[in-house]
Amino acid sequence: MEKEDTIREWSNKKIRGEKAEEEEPEEWVSENRRYSCWLFCVPGLGNKKIFRLRETFLSLFAGDPLQFAKGIYSMPEDELAQLWREAGLDTLSSGGGDVRKNKCFCSLLAARHKRPDEDLQRAQRSGLSFASVDDPDFPDRLRGIPDAPYGIYYRGALPDDAAPAVAIVGSRMATGYGRECARKFGYELARYGVQIISGLARGVDGIAQRGAIDAGGKSFGVLGCGADMIYPRENEDLYRKVVDCGGVISEYAPGTAAQARLFPARNRIISALSDLVLVVEAKERSGSLITADYALAQGRDVYAVPGRITDLCAVGCNRLIRQGAGIATCPEDVLEAAAGVRKTEEDEAKPSGYFKRMSLQEPEASLYDVLDSVDAKDLTTLMEAAGERLHRQIQPSEAMMYMTDLCLKGLAEEAAAGMYRKKPD
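Remember, it's a predicted structure, so these values are computed and weren't measured experimentally.

**Describing the environment of Met400**
- Mapped onto the elements of the fold, Met400 is located in helix H19 (residues 396-408).
- For Met400, a relative accessible area of 38% corresponds to the partly exposed category.
- In this structure, the C-alpha to C-alpha distance between Met400 and Gly418, residues 18 residues apart in sequence, is 9.2 Å.
- Discounting residues that sit within four places of it in the chain, Met400 has contacts with Leu379 and Tyr420.

Rendered as structure tokens:
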């Protein structure tokens, strides 16, 4: 069987539930987005309380999920208070059993005085779309976890539920070995139709996503800030490429700045959107290990790239393997686990400089990209072209250092004094 057919057969088995024969009317979906975005933005409410209200609403009123958020906005105050009590929320916040003194309930009442489309329009002005769990566009993989977000903001597209997806995560301060592995796995998996999910962070995450894009594949970034915020700034070019070749996703409101406390929660979304989580490098205490823990709790497979026992960045991966994680020694290991596909002997061998190129980080990667294999370019021209790609200025000393590194790696050569070109494989 051809590998494309194998992936398609595997993907079909992964789709959860039966698809409805008829789609919901578009006007219902559009209306639900307005009200669900409003509900998602009520201060102090949060995912747990929203889901309790939703479960109780559907139970008491035998309601349509697409009418839930609108019902919360428009039902009489006495009915809403009764729903709040039936959901057991009167004892979860200050005010005790008196729902009228419950701060969260009062916040909900106050929010009903503003226009229901105000929050959605704010997101749209930021270039974002919104989907709630009751929206047909909401990813099935994410909908199925116990602590799913009620809604997500995104720019670009959302992952395809019918295609395999692998999360690649690892150290922000990756070693040369880690960078090479991240790019290699991201590139090869994407080349076989696997969607690459990660956090758009510096180090392993971003390198794996660059590899996926270079292979012409799809990649999706899950952020620990608003989906309209670029973090870190050095990955601005990568952010834009990911939007073009996939999408960026966040459960946090537009304009939310990156904060350390937000990142652990976003890791559960990275693992949830994937069928398998691959950890490339991780220290003993690492956010990547939090992602692996979430993956196991969600029933996802976890694989790790082994490292030398003397390397601090390998401690987390080696420990995962000792605890039973799969060993990823090559992309084929992950392909076979995620999609039942193993590369054939017909796949061409890569040129000698392939993996060196794949492991380049910015601004070195952009400096290499703007080189020509025939006509040599001077340092000023290279600085300006690479700086334009990165949307920042590159200093001469910085450019000289990276061009020297490229020459030492055998990827560039100095054709004349201060004139550089790509070195052929």
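That shown, we press on.
**Brief notes about the side chain of Asp237**
- In this structure, Asp237 sits in helix H11 (residues 236-245).
- Its relative accessible area of 6% is what places Asp237 among the buried residues.
- Sequence-distant contacts of Asp237, that is, excluding residues within four places in its chain, are made with Arg210, Glu362, Arg389 and Leu390.

**Some thoughts on the packing of aromatic side chains**
- Counting across every chain of the model gives 11 aromatic pairs.
- With centroids separated by 5.3 Å and ring planes inclined at 70 degrees, the aromatic side chains of Trp84 and Phe105 adopt a geometry described as edge-to-face. Taken together, the residues Trp84 in helix H5 (residues 77-86) and Phe105 in helix H6 (residues 103-111) connect sequence positions 21 residues apart.
- In this structure Trp84 comes out as buried when scored by relative accessible area, which is 0%.
- Accessibility expressed as a relative area gives 0% for Phe105, which makes it buried.
- Through pairs of rings, three or more aromatic residues link up here, namely Phe40, Phe51, Phe57, Phe68, Phe130, Tyr150 and Tyr153.
- Here the guanidinium or amino end of Lys422 rests over the ring plane of Tyr368, the centre of that ring lying 4.7 Å away.

**Here's the deal with the sheet that holds strand S12 (residues 419-422)**
- A sheet is described by the order of its strands in space; here 3 strands give the open sequence S10-S12-S11, paired in antiparallel fashion. If you trace the sheet from one side to the other, it starts and ends with strand S10 (377-378) and strand S11 (412-416), each paired once.
- The sheet contact formed by S10 and S12 spans 2 bridges and is antiparallel. Among the inter-strand pairings, Asp378 is bridged to a residue of S12, identified as Met419.

Reading guide: rules and limits
- Residues numbered from 1 in each chain as written.
- Predicted model: local features only at pLDDT ≥ 70, side-chain atom pairs only at ≥ 80, totals over all residues.
- Heavy atoms only, no water.
- Helix = DSSP H or I, 4+ residues; strand = E, 2+ residues; numbered from the N terminus.
- Buried < 20%, exposed > 50% of the residue type's maximum accessible area, 1.4 Å probe, protein only.
- Contact = heavy atoms within 4.5 Å.
- Phe/Tyr/Trp six-rings, centres within 6.5 Å; stacked < 30°, edge-to-face > 60°.
- Lys NZ or Arg CZ within 6 Å of the ring centre and 35° of its normal.
- Pairing = 2+ DSSP bridges.

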